[in-house]
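# Remarks on the overall topology
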Amino acid sequence: MTTEGQTHSSRIGWLVVIGVAICLLVAPHVLDRYPRYILTEIIIWGLFALGFDIIFGKTGLLNFGMSSFFGLGAYGFVFAVKYVYPSVWLGILSGMAFAMVFSIVVGWIVTRFSSHYFVVFTIVISMILFLLAMNLRSITGADEGINIRLPNLQVIAWEFSLRSPITKYYLILGVAAVAFLVVWLFFDSPMGRAVVAIRENEARAQMIGYNTAHLKLVAYTLSGTVAGLAGAMYPLLNSTTSAELFFWILSGKAVLWTVVGGAGTLWGPFLGAAVLVSAEDALSSWLVDFYPILVGVLLIAIILLAPKGILGTLLEWVADRRASMEPGGKS
Amino acid sequence: MMELIISQVVNGLVWGLILALISIGLTLIYGQLEIVNVAHGALYTVGAVVSYYAFASMGGWVFSLIVSPVVLALLGLIIYLTTIRFALGKPPIVTVIITYGILFILEQTVFLTYGGVPRSIPNPIPYNIPFIGGDYPLYRVFCAVFSALVIFCLMGFLKWTRYGLWTRATKQDYETAMNMGIPVRRVYAFVFCLGSALAGLGGALAAPISSVTFTMGHSIIIDAFIVVIMAGFGSVIGTLVASLVIEVVIGVSAAFVNPVMAKVIGMALMVVVLFIRPEGLFGEE
Amino acid sequence: MNNDVVLRTEQLSITFGGLKALNGVDFEIRQGEVLAIIGPNGAGKTTFFNVLSGNLRPSNGRVIFKGEDITALAPHEICRRGLSRTYQKTSIFQDLTVFENVRLGAQIGHGQHNSWLRGALSDKAVVAVVEELLVMGGLDHQAKQPAGTLSHGDQRLLEILIGISTRPELLLLDEPSAGLSAKETREITRWVKELSQTTIRNVIIVEHDMDVITELASAIYVLNYGEVLCQGPVGEVKCNPQVQEIYLGKSV
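Residues numbered from 1 in each chain as written. Chains lettered and ligands numbered in written order. Predicted model: local features only at pLDDT ≥ 70, side-chain atom pairs only at ≥ 80, totals over all residues.

## Observations regarding the overall build of chain A
The helix and strand inventory of chain A stands at 14 helices and 4 strands. Scaling as 2.2 N^0.38, a compact globule of 331 residues should have a C-alpha radius of gyration of about 20 Å, and chain A matches this with 20 Å. Referenced to the eigenvectors of the C-alpha coordinate spread, the extents of chain A come out at roughly 70 × 50 × 50 Å. In chain A, buried positions account for 50% of the 331 residues. For chain A, the proportion of contacts with a sequence separation of at least 24, taken over those separated by at least 6, is 75%. (Helix = DSSP H or I, 4+ residues; strand = E, 2+ residues; numbered from the N terminus. Rg over C-alpha atoms; globule rule 2.2 N^0.38 Å. Buried ≥ 20, exposed ≤ 12 C-beta atoms within 10 Å, placed from the backbone. Contact = placed C-beta atoms within 7 Å.)

Have a look at this one:
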């Protein structure tokens, strides 16, 4: 592994990151209203899928019920803003809190079970939550949902009206960026590495001294809270929420975006969301009927042919090239 | 009140037996191929839809009882050959995602062909039998009896026939089975088809009772998962018992609380059982 | 030399559905000792290790480690108290690099594992420890390679490195020479010997290879059908006729 080759690759990596960051910062001024809206949505969905990547890509637990966290985050935001106090920050915190509490309670139960039971459990819980949300019409408004009026954003001394989609975009981008940074740092920390060890070899991780049950709960909670945060962004963008956000198909989309983008990379979910949400939007109206079928086919194709997703396969290719450039190289 | 409870219990038993068909299919597929078949509910839906078309075109509902499982077995074979067999031996995510994809494809296809409007099949046995304080639909009694019969035959099949033996042998010890010359791949395909057929049969039986719509699989799959987890993956008898228990519990609860809460109670029961015995009531792992 | 008892078991028994895998095993290892456990396949050697490391609960008996009853503790709790083990079937973190493998244990050794955000200073200390371990094991040149790409012999070495990365007081080695060639076995034996004389002074080894045992251990316990058949200094046990009979044909 030549240090030169390494620095070269990481330099390219940094360039890409900076390039993307610049594009994201400039985008809302360059794009028309509708593409800007789609981009904002992509950021939210990317953050949501990041929640999945935490529990699946990094911890190795297949949680097929991510929609629960998203819905709870959305309703947490709406309830706080509508019934408690019209503050955006309160709404965000409330959304995260709803999701976090749910994650801790459910996570405590669910992380005790082995992989197959775990998957089914998460599916069952998420379906039941959906049924509950649709049923408790007086609380949730079911599929019609609840509408709110967005309060102004208070940042220290300044007040911003959230009527402008550009302001909303920057707020959501900022929140997502901070969340991403926190997650990234977490997995660069000793605790984060321990979580990844669970994915690799749980029994051995225990025998080195890691309390894997505890760590799994931490990862599960982090995953749920991030997804809840994404959920809180939804009413922030659309001034509305609905019980449909609990629908299990949304959970499947988180899986799809992450797997397509590249599980375990933390960037992958955003990439996958960008690719697929744009594609879904670009499909002409008659194709929309076929979209779920296309999604199904794509899921199957990706998992069988390119299981590491776009980013994962790319990184693997880079690593292989690096290895083969080594003198006396092994591939 | 007492009558209500008794009738809920009886309904629970009827649904429990129908559910048992579906759940047994699910647990067989898992026990044999280690696959959590997320698309199982969609197979049930297809079974119901097929029986609707069979009934609508041929008029004979008995005919649809035969056609559904056969069509589903075929569908299961297609699914197995095109996707599942490439996933054997790979980590669980692969098959879960594959079956998830199949779920999307199946449900949307049903939606596009059959439409989004729920329709029903008229009661094929429109007679009632006198029951405590009222009448009870004979058709439901038929469903219960028929399901019990199928399950009985299935258990006999697994115990005494050649393919049944092969199924059990492969489940016990894959390598030894291969070395003994058992066509393991074929057994896998067979089990998947069998599981699909059972789900389809359940759908065909349920079609006259509940309305046929492309989302009908959602509710039943929750129950099926609850049952299979509670019974422990892999046990046929255990699944039958758990099925009856769960449906009776949910049915009786539904007399007092709203139907969704009744399902939550069912799920709570499953959690309690799992805490006492993490491998399920009859689980073998 | 301190003659404190590091670990002892009292009447350890475990039954698996009718089969008594361990039956009343009394075992003791003192400070500075390297003990070996031998026995035919199925004698209960790995089961014994599994009980010690907390993976199995015995049906009877106790395990006392450094004066504390650890019988009912979870594996990670036992490890935190200074008992570490390796596996006969290599159990490493395949997709992580060699460096990352060893770091997982080293960061526990520094009590750092619960920190969320990386402390720049303490991270340097951990890195130093890892590099030291890698050099000791001769794997420093392969530090950046995924562990799964190492040769079998190097993986066995890594297996042990991970085991000692938490700086345990007692190390359980489960057939360290499993699957190794004669040359590799000699190398690893030499390495473990040096280890036992410097850093990890208390070792229990399960082994089939008598040469390895003779080289490393001072005393042997012989297990047969879950019971301690005999125990004692290596030379004595080797000459025991019952032991020779069990190992008929093996180089004793």
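## A few points about the sheet that holds strand 8 (residues 202-206) of chain C
Residues and elements named next belong to chain C. Pairing within the open sheet is mixed, and its 6 strands lie in the order 6-7-8-3-9-10. Each end of this open sheet is capped by a strand with a single partner; those strands are strand 6 (83-85) and strand 10 (227-233). For this sheet, the mean angle separating the axes of adjacent strands, direction not counted, is 15°. Strand direction decides the pairing type here: strand 9 (residues 219-224) and strand 10, joined by 6 bridges, are antiparallel. Bridge assignment links L223 to a residue of strand 10, and that residue is V228. (Pairing = 2+ DSSP bridges. Axes fitted to C-alpha atoms, helices over the stretch in contact; angles between N-to-C directions.)

## Some remarks on the interface of chain A and chain B
Contacts between chain A and chain B engage 27 residues on the former and 30 residues on the latter. Listed by contribution, the elements that provide at least two residues to the side of chain A that touches chain B are helix 5 (115-135), helix 10 (248-261) and helix 13 (291-305) of chain A. At 12 residues, helix 5 of chain A tops the list of elements feeding residues into the side of chain A that touches chain B.

## Some thoughts on the interface of chain A and chain C
Of the residues lining the interface, 20 residues belong to chain A; the matching set on chain C comes to 26 residues. Of all elements in the fold, only helix 7 (165-187) and helix 8 (190-208) of chain A reach the threshold of two or more residues within the side of chain A that touches chain C. In terms of residue count, the dominant contributor to the side of chain A that touches chain C is helix 8 of chain A (12 residues). In the side of chain A that touches chain C, the residues fall into 11 nonpolar, 5 polar and 4 charged. (Nonpolar A, V, L, I, M, F, W, Y, C, P; charged D, E, K, R; others polar.)

## Looking at the nonpolar core
With 264 residues, the main nonpolar core has A:L47, A:F48, A:V124, B:I97, B:F225, B:I226 and C:I205 as its most contacted residues. When we break this core down by domain, the ones giving at least three residues each are domain 1 (1-82 + 168-252) and domain 2 (93-167) of chain C. (Core = buried A, V, L, I, M, F, W, Y, C linked by C-beta atoms within 7 Å. Domains from an automatic or database assignment.)

## Considering the sheet that holds strand 1 (residues 5-16) of chain C
All names here are of chain C. Strand order in the open sheet formed by 4 strands is 2-1-4-5, and the pairing between neighbours is antiparallel. One side of each edge strand has no neighbouring strand; the edge strands of this open sheet are strand 2 (19-30) and strand 5 (68-69). Across the sheet, helix 1 (residues 45-52) lies against strand 1, strand 2 and strand 4 (60-65), angled at about 65° from strand 2, the strand it touches most.

## Some remarks on unusual backbone geometry
Residues and elements named next belong to chain C. The backbone of Q11 sits at a positive phi, close to 50°, despite the residue not being glycine. Mapped onto the elements, Q11 comes out in strand 1. In this structure Q11 comes out as partly exposed when scored by C-beta crowding, with 13 C-beta atoms within 10 Å.

## Quick notes on helix 3 (residues 67-84) of chain A
Between its terminal C-alpha atoms helix 3 of chain A stretches 25 Å, which fits the 26 Å expected from 18 residues at 1.5 Å a residue. Counting buried positions over the 18 residues of helix 3 of chain A gives 14, a clear majority of the element. (Expected span 1.5 Å × (residues − 1).)

## Examining helix 9 (residues 216-231) of chain B
Residue and element names in this part refer to chain B. In this model, helix 9 (16 residues) spans 23 Å end to end at C-alpha, consistent with the 22 Å of a helix rising 1.5 Å per residue. Counting buried positions along helix 9 yields 14 of 16 residues, so the element is predominantly enclosed. G232 lies just past helix 9 and shows a positive phi near 95°.

## A few points about the packing of helix 2 (residues 33-58) of chain A against helix 7 of chain A
All names here are of chain A. It is at 10 Å that the axes of helix 2 and helix 7 come closest, and there the two elements cross at 20°. With respect to helix 7, the element helix 2 is oriented roughly parallel. Like other packed secondary-structure pairs, helix 2 and helix 7 cross with a definite hand, here left-handed. Across the interface between the two elements, R33, R36, Y37, T40, I43, I44, L47, L50, I54 and K58 of helix 2 pack against P165, K168, Y169, I172, L173, A176, A179, F180, V183 and F187 of helix 7. (Parallel < 35°, antiparallel > 145°, perpendicular 65-115°, else oblique. Left-handed = near helix turned anticlockwise from the far one by under 90°.)

## Quick look at the pairing of strand 2 of chain C
Residue and element names in this part refer to chain C. Inspection of the sheet shows strand 1 paired to strand 2 by 8 bridges, in the antiparallel sense. Across the sheet, the residue bridging to L12 is V25, located in strand 2. With antiparallel pairing between neighbouring strands as the criterion, strand 1 and strand 2 make up a hairpin whose turn holds 2 residues, including G17 at a positive phi of roughly 45°.

## A closer look at the arrangement of the chains
Here 2 pairs of chains are in contact, and chains A and B lead that list by number of contacts. A minimum C-alpha distance of 13 Å separates chain B and chain C, which share no contact.

## Considering the environment of B:R277
Mapped onto the elements, B:R277 comes out in the segment after helix 11 (259-276). Among the residues examined, B:R277 registers 12 C-beta atoms within 10 Å and is labelled exposed.

## Side note on the environment of B:G217
All names here are of chain B. Looking at the element boundaries, G217 is found in helix 9. Along the chain, G217 and G41 lie 176 residues apart, while their C-alpha atoms are 4.2 Å from each other. Contacts of G217, omitting those with residues within four sequence positions, involve G41, A42, Y44 and T45.

## Details of the pairing of strand 8 of chain C
Residues and elements named next belong to chain C. Of all 5 residues in strand 8, 5 are buried; the element is thus mostly enclosed. Of the two faces of strand 8, the one lined by N202, I204 and V206 and the one lined by V203 and I205 are each fully buried. Alignment of strand 3 (residues 34-38) against strand 8, held across 4 bridges, turns out to be parallel. Bridging across to strand 8, I37 finds its partner in V206. Sheet analysis places strand 7 (residues 170-174) next to strand 8, joined by 5 bridges and oriented parallel. Note on strand 8: the bridge partner recorded for D174 is V206.

## A short note on the packing of helix 2 (residues 40-58) of chain B against helix 9 of chain B
How two helices pack is summed up by the angle between their axes together with the distance between the axes. Residues and elements named next belong to chain B. Across the interface, helix 2 lies against helix 9 with an axial gap of 8 Å and an inter-helix angle of 130°. Taken together, the axes of helix 2 and helix 9 are oblique relative to one another. Seen along the crossing, helix 2 lies across helix 9 with a hand that is right-handed. When helix 2 is examined against helix 9, the residues H40, G41, A42, Y44, T45 and A48 are found in contact with a partner set consisting of M216, G217, H218, I220, I221 and A224.

## Describing the environment of C:I204
Residues and elements named next belong to chain C. Locating I204 in the fold gives a position in strand 8. Separated by 32 residues in sequence, I204 and L172 have C-alpha atoms that sit 4.9 Å apart. Among all residues touching I204, those that are not within four sequence positions of it are I29, L35, I37 and L172.

By themselves, these observations are geometric and do not establish any function.
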